[in-house]
Amino acid sequence: MNQCTDPADPYAVLGVTPTATPAEITHAFRVKLRALHPDTHYAGSPADAETQLRQVLGAC
């Protein structure tokens, strides 16, 4: 089931270019996911982190 409902550009969300390799995309996804995961100590507000995490998870 595809859960991509966010109209944001997935490349911009992950911080990669459209010509990025699958390995670069995977790496960027994992780095963002680790930085925004609720079990880590995110420095920003929890609501902001949740919004960003939803964008990263929607960048499929």
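Throughout, residues of each chain are indexed from 1 in the direction in which the sequence is written. It should be noted that, the model being predicted, local features are given only for residues of pLDDT at least 70 and side-chain atom pairs only at 80 or more, the latter also being counted only at that level, while totals for whole chains, interfaces and linings use all residues. Note that water and hydrogens are dropped before the side-chain values are worked out from all heavy atoms of the structure.

The subject of this paragraph is the overall build of the protein chain. Looking only at helices and strands, the protein chain features 3 helices and 0 strands. Helical segments are the DSSP runs of H or I of at least four residues, strand segments are the runs of E of at least two, and each set is numbered from the N terminus. Moving toward the C terminus, one meets the helices and strands of the protein chain in the order α-α-α. A 1.4 Å probe rolled over the protein chains alone gives each residue an accessible area, and that area as a share of the maximum for its type sets the label: buried under 20%, exposed over 50%, partly exposed in between. Looking at the protein chain as a whole, 18% of its 60 residues qualify as buried. Residue contacts follow a heavy-atom distance rule, with two residues in contact if any of their heavy atoms lie within 4.5 Å. The contacts in the protein chain between residues at least 6 apart in sequence include a share of 37% that link residues at least 24 apart.

Attention shifts here to the environment of Val13. Secondary-structure assignment places Val13 in helix α1 (residues 10-14). Judged by its relative accessible area of 13%, Val13 falls in the buried class. It is 6.7 Å that separates the C-alpha atoms of Val13 and Gln55, two residues lying 42 residues apart in sequence.

Moving on, we get to the nonpolar core. The nonpolar core is taken to be a set of buried Ala, Val, Leu, Ile, Met, Phe, Trp, Tyr and Cys residues, with the residues joined through side-chain atoms within 4.5 Å. Among the nonpolar cores identified, the biggest contains 9 residues, and these are Val13, Leu14, Val16, Ala20, Ala28, Leu36, Leu53, Val56 and Ala59. Looking at this core, the elements that each hand over two or more residues are α1, α2 (22-36) and α3 (46-58). Beyond its immediate stretch of four places on either side in the chain, Leu14 contacts Ile25, Ala28, Phe29, Lys32, Val56 and Ala59.

Shape descriptors only; they carry no functional weight alone.
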